[in-house]
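Architecture at a glance
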Amino acid sequence: MRLICTKCNEKYPSNGLYYRCKKCNEPLQLAEVTDAKIIKNDNMRQSMLARYREFFPFEKTDDNISLGEGFTPLTQSIVLQKKLGVSKIYLKNESQNPTWSFKDRGTLVGIMHAKELGYRKIGTVSTGNMAPSVAAYGRRANLETFIFVKDDIAQEKLAPIAIYNPNLIRVRGDYGELYFKSLEIGRENDIYFINSDVPFRVEGSKTIAFEIAEQLGFNMPDYVIVPTSAGGNLRGILKGFKELKNCRYIEKVPNIVCAQSTGCSPIVTAAKNGETEISRVENPATIAHAIENPFPPSGNCVLNSLDREHFVSVNDDEIIQGQKLLAEEGVFVQPASAVTVAAIRKLKEQRVVTGNETIVCIVTGSGLKYPTALKSHKLEIHTSNIDRLSSYVIKNFK
Ligand SMILES: *Cc1c(COP(=O)(O)O)cnc(C)c1O
Ligand SMILES: [Zn+2]
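Below: a short report on this structure. Model, not experiment: these values are computed from the prediction. (Residues numbered from 1 in each chain as written. Chains lettered and ligands numbered in written order. Predicted model: local features only at pLDDT ≥ 70, side-chain atom pairs only at ≥ 80, totals over all residues. Heavy atoms only, no water.)

Quick look at the overall build of the chain
Across its full length, the chain holds 13 helices and 13 strands. Computed over the C-alpha atoms, the radius of gyration of the chain is 21 Å, within 12% of the 21 Å expected from 2.2 N^0.38 for a compact globule of 398 residues. Its C-alpha atoms give the chain principal-axis dimensions of roughly 70 × 50 × 45 Å. Here the chain holds 398 residues, and the buried ones make up 55% of them. Contacts in the chain between residues far apart in sequence, at least 24 positions, make up 69% of those at least 6 positions apart. Carbon and sulfur atoms provide 46% of the accessible area of the chain, an area that totals close to 18,200 Å². Across the chain, 51 positive and 44 negative side-chain charges occur, with their mean positions spaced 2 Å apart. (Helix = DSSP H or I, 4+ residues; strand = E, 2+ residues; numbered from the N terminus. Rg over C-alpha atoms; globule rule 2.2 N^0.38 Å. Buried < 20%, exposed > 50% of the residue type's maximum accessible area, 1.4 Å probe, protein only. Contact = heavy atoms within 4.5 Å. Areas by Shrake-Rupley, 256 points an atom, 1.4 Å probe, with all protein chains shown as cover. Lys, Arg positive; Asp, Glu negative; His and termini not counted. Charge placed at Lys NZ, Arg CZ, Asp CG, Glu CD.)

In structure tokens form, the structure reads like this:
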């Protein structure tokens, strides 16, 4: 199996640690799988990686590292269908992963690769969900784990990383530089950095596509909407559908939509301006912190792999409304994930979506991860004395 540059097609071996092309600095990606089968086994005991192992280049996989990631629900969203005027909307609820976001899929696959190459140390750079995911799985796999975070990271995010006891370092300085710096530090110190869009993390996200296909009986949706920051998850989902097509499980790859927040939308902006390369966003500001990468390392790759109609950005108010709408469905997501619902509205306004379609929203992470966002909502809470509770209920809630 080979790694191929997503831009210039230069080839690299997959049995070494290569992240980006030496010639053009664009991300590398494993060659597409063309001949693999889903191994349908006892669902109650099978792991995600065991079910889809023919789609991965591993000699063997170690089920002991799994924390039960993947196999997340795909629920039909009756409230949203009605409110947004779309025939079928499904939510792929990634908040049900072991550390409450889809990151666990790529973390597991990255660790499998690190172990296969004989690494004893892993790491990541993150301010969001990737840090706790890598910390948890690093602990589970008994690997020395390095987590680099921004110096000014909120305490509510710091402690949930520290609980797994990794080597946790707050880094002062240019955070944008840290991604590339970490890869360098990794090379010098034999640390396998499983950053946002490294090839084997992207492989992990393929399983989202595999599961959606299986959950819909291989009847493909028209659109799959993906909240996008670094671009690794979107690339993985797209690759997963392409591989299913290569392997004749499906006939058509669904349209993938790249959804960003207007407060930080380097990829969407480049698409709207007809560019072929993204530009750095100077002062990113959005409530959707999990998708606030001002210079996404897979930005160019995402930009050039989708139809130009399929890039959408939505503002913070629309995101908050989306979060509220999803709660009406009983699903509490973080603002980054609510971007999907807001994007459906926008796609309808732009008449890209007419209303007769089937749409899948990738609900990437749990709302509990970011309780501060709740301050943006007007939430109704009542108070009553116990002796007056009976009359209070009668009076107020007829
Ligand atoms: C990481 C993350 C994203 C963005 O994924 P990328 O692969 O960086 O594009 C979206 N939503 C949540 C909740 C995330 O944690
Ligand atoms: Zn290249």
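Topic: the site of ligand 1
Taken together, 16 residues sit near ligand 1, with Lys103, Asn129, Ser229, Gly231 and Thr364 positioned nearest. At 2.7 Å from an oxygen atom of ligand 1 is found a side-chain nitrogen or oxygen belonging to Asn129. Note that an oxygen atom of ligand 1 is positioned 2.9 Å from one of the backbone N or O atoms of Asn233. Protein chains bury 96% of the 380 Å² of accessible surface belonging to ligand 1 in isolation. Grouping the constituent residues of the shell around ligand 1 by class yields six nonpolar, nine polar and one charged. (Near = heavy atom within 4 Å. Polar contact = N/O pair within 3.5 Å; in protein donor to acceptor, adjacent residues only side chain to side chain. Nonpolar A, V, L, I, M, F, W, Y, C, P; charged D, E, K, R; others polar.)

So, the packing of aromatic side chains
One pair of aromatic rings is described through two measures. These are the centre distance and the angle between the planes. Following the criterion strictly, the structure yields 11 aromatic pairs and no others. Between Tyr52 and Phe210, the ring centres sit 5.0 Å apart and the planes meet at 50°, which makes this aromatic pair tilted. Here Tyr52, found in the loop between α1 (48–51) and β4 (74–76), pairs with Phe210, found in helix α7 (residues 199–215); they are 158 residues apart in sequence, far enough to count as distant. Classification of Tyr52 by relative accessible area gives buried; the value is 1%. You can call Phe210 buried: its relative accessible area is 0%. Between Phe58 and Phe200, the ring centres sit 5.9 Å apart and the planes meet at 35°, which makes this aromatic pair tilted. Separated by 142 residues along the polypeptide, Phe58 in the loop between α1 and β4 and Phe200 in helix α7 bring together distant segments of the chain. Judged by its relative accessible area of 2%, Phe200 is buried. The ring of Tyr370 has Lys157 lying over it, and the distance from NZ or CZ to the ring centre is 5.3 Å. (Phe/Tyr/Trp six-rings, centres within 6.5 Å; stacked < 30°, edge-to-face > 60°. Lys NZ or Arg CZ within 6 Å of the ring centre and 35° of its normal.)

Here's the deal with the packing of helix α3 (residues 103–116) against α7
Interhelical geometry of α3 versus α7 gives an angle of 130° and a closest axis separation of 7 Å. Between α3 and α7, the angle falls in the class oblique. In this structure, α3 crosses over α7, and the sense of that crossing is right-handed. Every residue of α7 that contacts α3 at Lys103, Arg105, Gly106, Thr107, Val109, Gly110 and His113 is listed here: Phe200, Arg201, Glu203, Gly204, Thr207, Ile208 and Glu211. For the contact of α3 with α7, a count of residues per class yields three nonpolar, six polar and five charged. (Axes fitted to C-alpha atoms, helices over the stretch in contact; angles between N-to-C directions. Parallel < 35°, antiparallel > 145°, perpendicular 65-115°, else oblique. Left-handed = near helix turned anticlockwise from the far one by under 90°.)

Observations regarding the side chain of Asp197
Residue position: Asp197 is located in the loop between β9 (191–193) and α7. Polar side-chain contacts of Asp197 include one of 2.4 Å to the side chain of Tyr179. Ignoring sequence-local partners within four residues, the contact set of Asp197 consists of Arg20, Pro27, Tyr179, Val202, Gly232, Arg235, Pro297 and Ser298.

A few points about the coordination of the zinc ion (ligand 2)
For the zinc ion (ligand 2), the protein coordination sphere consists of Cys5 (SG), Cys8 (SG), Cys21 (SG) and Cys24 (SG), at 2.2 to 2.3 Å. The coordination sphere of the zinc ion (ligand 2) comprises four donor atoms, whose angles at the metal cover 94 to 124°; the geometry is tetrahedral. Linear spacing of the donor residues for the zinc ion (ligand 2) on their chain is C-x2-C-x12-C-x2-C. One end of the pair, Cys8, is in the loop between β1 (2–5) and β2 (11–13); the other, Cys21, is in the loop between β2 and β3 (28–30), and 13 residues separate them in sequence. Note on Cys8: relative accessible area 35%, which makes it partly exposed. Its relative accessible area of 3% is what places Cys21 among the buried residues. (Donors = N, O, S within 2.8 Å, 3.2 Å for Na, K, Ca; no water. Tetrahedral: all angles 85-135°; square planar, octahedral: opposite > 155°, others 65-115°.)

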